Amino acid sequence: MVLRALQRETTVSRADLARMTGLARPTVSEVVKHLLLDGIVVETGQSQETRPGKPAVMLRLDHDATQVIAIDLSDPAGFRAALCTPDGRIIERAMRPAGVDAVAAALAMAIELAAVATRPLLGIGIGIPVESGRGSDGAAGAELTETLHRNLQVETRTPARVSNVADLVALAEHRNGRHGDFLMVRLGERGSTALHLGPTEGAHSTARELAHLVVDDAPDAGSPTCVCGRSGCIHSWIGSAALAARIDAAYDARETRRAAAHHLGRSLAGITAALDLKRVVISGADAIVDSTFCDDVAEVLRTSTALPSGAPIEVDPASIGQDAVLRGAAAHVAGSALGVR
C-alpha cells in the first residue's frame, strides 16, 4: 500500500502516506524505515509548506536505485530491448533483426544489456504478441518463460516476466497519466485488446486477440486471406502488414484507411456496448494510427452503439509511440518486484 501510494505521487511525507493508506503512523514509519534501508525510497528534504510545528521530511521512490531490462518481441521489423529505470527511462538499447529465433534474440539482448547495467536488476520484462499464439498463458509463452528462466538465472540471476503486448501498452498508458476505464486496442500483425479498469496499476493477463469476425461481406479478389482461412476477416483489414500494403497499393489511401477504421469500429461495437466503455485507445504504427483514424473509428462506434450510460464514446491514439511495450514491460517488472499490483 505504501509503495502504491509512492508510485502515484511525486513526493509525500510520512503523514501523507498514513492519510492515503489508512495505516497508523507508527506502521508507516516502520515500513518507510525498511524502504530507506533497502534504497528503494529516498528523503528529498523538508516540506516547503508553511505549517505549525516541525516541517515534514518528504519522500520519493528512487528510480535510479535499480534497473530493468525490457524486451519487445512484437515488432515485425525487428526485436528491440532496453535497459531502463523502473519508471521507463531508457538508458541503453539493443536490437536484433527480424527472422531470427525469438528466444535466442531475447537471451542475447538480455545478456548484452545486463553486462552494462550499473544498478541491481529488478527483473526482465518481455512483451510478446497475442497474435503469434504465444499468449502469457499459451504453450509457447510458457516455453519462452521457462527457457529464459533457465538461461538467464545463470547469466544474470534475474527473473523474467512474459506478458502480452496489449497489456503492457495499457499499463504504459496508465503510468503515463491515462486514468479511468479504457479498452486498449493494439494493431500488430493482427489486432488484440486489453481492458484497463479503474485505478488499478494495469490490466495484466487480460489481452485477447480480437474475434475473427467477417466484417467485409464482399471482399475483392485481391483481399488477403486471414489465418482463420476467410477473406474479409477483421484481421485481414487491420493487420499492420496487410493494411500497409493496402495503403501503398491504393489509389485513395485516405479512403483505404477510412475503410479499415470502419471495419475496426464494427468489430469493437459489441465490446464497448457490453462493457459500457466510454473510451477506446488505439496503439499501432504512426503511419496508420493517428487522430483521423481514431475519429473514423469513433464515428462508427457512436452511430452503431448506444451505451447504457448514455455517454459518448471517445477514441484516442496512444500517447506513447514505439517504446510503449518497453515502458510497459519496465513498469510491469517494477510493480511485480516491489509488490505493487
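Calculation notes
Residues numbered from 1 in each chain as written. Predicted model: local features only at pLDDT ≥ 70, side-chain atom pairs only at ≥ 80, totals over all residues. Heavy atoms only, no water. Helix = DSSP H or I, 4+ residues; strand = E, 2+ residues; numbered from the N terminus. Buried < 20%, exposed > 50% of the residue type's maximum accessible area, 1.4 Å probe, protein only. Contact = heavy atoms within 4.5 Å. Salt bridge = Lys/Arg side-chain N within 4 Å of Asp/Glu carboxyl O. Axes fitted to C-alpha atoms, helices over the stretch in contact; angles between N-to-C directions. Parallel < 35°, antiparallel > 145°, perpendicular 65-115°, else oblique. Left-handed = near helix turned anticlockwise from the far one by under 90°. Nonpolar A, V, L, I, M, F, W, Y, C, P; charged D, E, K, R; others polar. Pairing = 2+ DSSP bridges. Arc of directions from axis to C-beta. Core = buried A, V, L, I, M, F, W, Y, C linked by side-chain atoms within 4.5 Å.

Colleague: Tell me about the overall build of the protein, and name the residues and values.
Modeller: What the protein contains, in helices and strands, is eleven helices and 13 strands. Taking all 341 residues of the protein together, the buried fraction comes to 48%. Residue pairs in contact within the protein that sit at least 24 positions apart in sequence constitute 60% of those at least 6 positions apart.

Colleague: Provide a residue-level description of the pattern of salt bridges, including the pertinent values.
Modeller: Evaluated as defined, the whole model comprises 17 salt bridges. With a shortest N-O distance of 3.2 Å, Arg80 and Asp323 are connected by a salt bridge. Pair noted here: Arg80 is in strand β5 (residues 78–84) and Asp323 is in the loop between β13 (314–317) and α11 (324–337), with a separation of 243 residues, a long-range link. Owing to a relative accessible area of 8%, Arg80 belongs among the buried residues under this scheme. The buried category is assigned to Asp323, whose relative accessible area is 15%. Of the charged contacts in the structure, one is a salt bridge between Glu314 and Arg302, with a shortest N-O distance of 3.3 Å. Taken together, the positions of Glu314 in strand β13 and Arg302 in helix α10 (residues 291–304) put the pair twelve residues apart, joining distant regions of the chain. Owing to a relative accessible area of 31%, Glu314 belongs among the partly exposed residues under this scheme. Among the charged side chains, a salt-bridge network with shared partners connects Asp72, Arg80, Arg93 and Asp323.

Colleague: With reference to specific residues and values, describe unusual backbone geometry.
Modeller: Positive phi values are uncommon outside glycine, yet Asp276 reaches one of about 55°. On the secondary structure map, Asp276 appears in the loop between α9 (253–275) and β12 (279–283).

Colleague: Any details on the packing of helix α8 (residues 240–249) against α9? Residues and values, ideally.
Modeller: Between α8 and α9, the shortest axis-to-axis distance is 8 Å and the interhelical angle comes to 150°. On the basis of their axis angle, the class for α8 and α9 is roughly antiparallel. Crossing of α8 over α9 shows right-handed handedness. The segment α8 lies against α9, with Leu243, Arg246 and Ile247 engaging Ala253, Thr256, Arg257 and Ala260. Residues of the contact of α8 with α9, tallied by class, amount to four nonpolar, one polar and two charged.

Colleague: Let's hear about the sheet that holds strand β1 (residues 12–13): which residues, and what values?
Modeller: In space, the three strands of this open sheet follow the order β1-β3-β2, with antiparallel pairing throughout. Only two strands of the sheet have a single partner each, and these edge strands are β1 and β2 (41–46). Note: β1 against strand β3 (residues 57–61), two bridges, orientation antiparallel. Each residue of the ladder has a partner; that of Ser13, found in β3, is Met58.

Colleague: Mind laying out α8, listing which residues take part and the relevant values?
Modeller: The complete set of buried residues in α8 reads Ser240, Leu243, Arg246 and Ile247. Here the buried residues of α8 occupy an arc of 130° about the axis, which is enough to place them on one side. Facing away from the buried side of α8 by over 90 degrees, the exposed positions are Asp248 and Ala249.

Colleague: If you had to explain the nonpolar core to someone new, which residues and values would you point to?
Modeller: In this structure, Leu264, Leu268, Val280, Ile282, Phe293, Val297 and Val315 are the most contacted members of the largest nonpolar core, which totals 29 residues. Secondary-structure elements contributing two or more residues to this core are β9 (182–187), α7 (234–238), α8, α9, β12 and α10. With 24 residues, the next largest nonpolar core counts Ala166, Met184, Ala324 and Ala329 among its residues.

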